[in-house]
Amino acid sequence: MRLEGKIALISGGASGIGRAEAILFAREGASVVIGDLQQAQANEVVEEIKAAGGNAAAVQLDVRDGDAWASAVAFTESTFGPPMILGNNAGTNFRLSWDEQTPEMWQTVLDVNLSGTYNGIRAVVPSMRKAGGGSIINVASSAALKQGGGGPAYATSKTAVVGLSRNAALAHAGDNIRVNALCPGHVDTPFIRGSQPHSENTWSTDIANPENYERRMERQPLALGRLQSGEDIAYGALFLASDESSTVTGATIAIDGGSTLL
Ligand SMILES: NC(=O)c1ccc[n+]([C@@H]2O[C@H](COP(=O)([O-])OP(=O)(O)OC[C@H]3O[C@@H](n4cnc5c(N)ncnc54)[C@H](O)[C@@H]3O)[C@@H](O)[C@H]2O)c1
């Protein structure tokens, strides 16, 4: 029960890494609010947590919308109390080359991945001050640490999330609010398996394609025998959410099976 009595708001908690985070945090004693575009899937995660004896609720959230963030925080406060943990997981990508990626796509990726993270930080800080401190966990990417090619928007947005995390960490240190960035590698979630409205894949980029799965395995040197799972990343987030990391702030932590070593 490493998060007993804590209250967490998790964006992108309906799927993948955010879902694993929500389930793990609830198992460790936190009351969890899931904010996501996909309300039906968010409700399924809530039911799963409740069935295991945990506390959870869902709220509709588009991370691009500052007012929606304010409503999500107000909902969290009235349901469980002020959030002292924020997991910023919502993300989007267009897997297209520089030439194919349009200015509109560039803007969408920056709006969701970067401004969505900024909006979340802005929205929770007053609650965290009320709670006497907090921990903000921003999911960046190994794309922030190593250029993997492809179009310009995703790597730029994730590199900026690392910068934003360090800036916010210093700005809010005096309020005992910690801000850190996690950089996952190749994680087997619907982001890269199948095709989602926020993360479209073709057969050449879908990890259901064995050739593509193998290509990603070759870029992950640790002998896991599989790509990473959402849980692998959620365990890092659990450390950052818990008091075990009470002196860790402004850190950028790669959880990537060594993929940025290559
Ligand atoms: N899967 C990977 O290999 C990988 C690697 C590095 C970083 N990441 C990052 O991890 C984060 C989580 O990705 P995942 O793999 O769990 O993907 P996922 O597709 O399983 O989950 C992403 C969630 O974000 C939600 N979302 C998307 N746009 C949103 C918006 N505007 N407002 C609210 N919710 C929104 C989706 O509905 C979905 O539930 C993302 O930021 C992604 O960039 C993923």
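Look up: the structure comes first, before these words.
These remarks concern the structure in this document. Fair warning: this is a prediction, and the values are worked out from it, not measured in the lab.

### Details of the overall build of the chain
Here's step 1: A tally of helices and strands in the chain yields seven helices and nine strands.
Here's step 2: The C-alpha radius of gyration computed for the chain amounts to 17 Å, which stays within 12% of the reference 18 Å derived for 262 residues, consistent with globular compactness.
Here's step 3: Each principal axis of the C-alpha atoms in the chain carries an extent, and together these give about 50 × 35 × 35 Å.
Here's step 4: Relative to its 262 residues, the chain shows a buried fraction of 48%.
Here's step 5: Long-range contacts, defined here as pairs at least 24 residues apart, represent 72% of the contacts in the chain between residues at least 6 apart.

### Thoughts on the site of the ligand
Here's step 1: Among the 32 residues in the neighbourhood of the ligand, the closest are listed as Gly12, Ser15, Gly16, Gly91 and Phe191.
Here's step 2: Counting only elements with at least two residues in the shell around the ligand, the list comes to α1 (16-27) and α4 (103-131).
Here's step 3: Element by element, the count of residues in the shell around the ligand is highest for α1, at three residues.
Here's step 4: Per-class residue counts for the shell around the ligand are 13 nonpolar, 16 polar and three charged.

### A look at the packing of α4 against helix α5 (residues 152-172)
Here's step 1: Relative orientation of the contacting elements α4 and α5 amounts to 15°, with a least axis distance of 9 Å. Taken together, α4 and α5 sit at an angle that is classed as roughly parallel. α5 is crossed by α4, and the crossing has right-handed handedness. Where α4 abuts α5, its residues Met105, Trp106, Val109, Leu110, Asn113, Leu114, Thr117, Tyr118, Ile121 and Val125 lie against Pro152, Ala153, Tyr154, Ser157, Lys158, Ala160, Val161, Leu164, Ala168 and His172.
Here's step 2: Among the residues forming the contact of α4 with α5, the class breakdown is 15 nonpolar, four polar and one charged.

### Focus on the environment of Asn138
Here's step 1: Among the secondary structure elements, Asn138 is positioned in strand β6 (residues 134-139).
Here's step 2: Residue classification places Asn138 among the buried positions, given that 28 C-beta atoms sit within 10 Å.
Here's step 3: As for Asn138 and Leu222, which are separated by 84 residues in sequence, their C-alpha atoms are 24 Å apart.
Here's step 4: Residues contacting Asn138, with those up to four places away along its chain left out, are Asn88, Thr117, Val161, Ser165, Val179 and Ala181.

### Topic: α5
Here's step 1: For α5, with 21 residues, the first-to-last C-alpha span of 30 Å sits near the 30 Å given by 1.5 Å per residue.
Here's step 2: Listing the buried residues of α5 in full gives Ala153, Tyr154, Ala155, Ser157, Lys158, Val161, Leu164, Ser165, Ala168, Ala169 and His172.
Here's step 3: The inward-facing, buried residues of α5 contact β5 (93-94), α4, β6 and β7 (177-184).

### Quick notes on the pairing of strand β2 (residues 31-36)
Here's step 1: Taken across its six residues, β2 has six buried, putting it largely inside the fold.
Here's step 2: One ladder, built from five bridges, connects strand β1 (residues 7-11) with β2; its direction is parallel. Bridge pairing links Leu9 to Val33 in β2.
Here's step 3: On the question of chirality, the crossover connecting β1 to the parallel β2 by way of α1 is right-handed.
Here's step 4: Where β2 and strand β3 (residues 55-60) come together, six bridges link them in parallel fashion. Bridge pairing in β3 places Ile34 opposite Ala58.

### Things to note about the packing of α1 against helix α7 (residues 230-241)
Geometry of a packed helix pair, given as the angle between the helix axes and the separation of the axes.
Here's step 1: The contact between α1 and α7 brings their axes to 8 Å, and the two run at 55°. In this view, α1 runs oblique relative to α7, as classed from their interaxial angle. Every pair of crossing elements has a handedness; the one defined by α1 and α7 is right-handed. Only Gly230, Glu231, Ile233, Ala234, Ala237, Leu238 and Ala241 of α7 make contact with α1, whose side of the interface consists of Gly16, Ile17, Arg19, Ala20, Glu21, Leu24 and Phe25.
Here's step 2: The class makeup of the residues in the contact of α1 with α7 is nine nonpolar, two polar and three charged.

### Observations regarding the sheet that holds strand β9 (residues 252-255)
In a beta sheet, neighbouring strands are held together by backbone hydrogen bonds and run either parallel or antiparallel to one another.
Here's step 1: If you walk across this open sheet you meet the seven strands as β3-β2-β1-β4-β6-β7-β9, and the pairing is parallel. Only two strands of the sheet have a single neighbouring strand rather than two, namely β3 and β9. Strand-to-strand twist in this sheet, taken as the mean axis angle between neighbours without regard to direction, amounts to 20°.
Here's step 2: Note: β6 against β7, six bridges, orientation parallel. Paired with Ser135 across the strands is Arg178, a residue of β7.

Thresholds applied
Residues numbered from 1 in each chain as written. Predicted model: local features only at pLDDT ≥ 70, side-chain atom pairs only at ≥ 80, totals over all residues. Helix = DSSP H or I, 4+ residues; strand = E, 2+ residues; numbered from the N terminus. Rg over C-alpha atoms; globule rule 2.2 N^0.38 Å. Buried ≥ 20, exposed ≤ 12 C-beta atoms within 10 Å, placed from the backbone. Contact = placed C-beta atoms within 7 Å. Near = placed C-beta within 6 Å. Nonpolar A, V, L, I, M, F, W, Y, C, P; charged D, E, K, R; others polar. Axes fitted to C-alpha atoms, helices over the stretch in contact; angles between N-to-C directions. Parallel < 35°, antiparallel > 145°, perpendicular 65-115°, else oblique. Left-handed = near helix turned anticlockwise from the far one by under 90°. Expected span 1.5 Å × (residues − 1). Pairing = 2+ DSSP bridges. Right-handed = clockwise from strand over helix to strand, strands pointing away.

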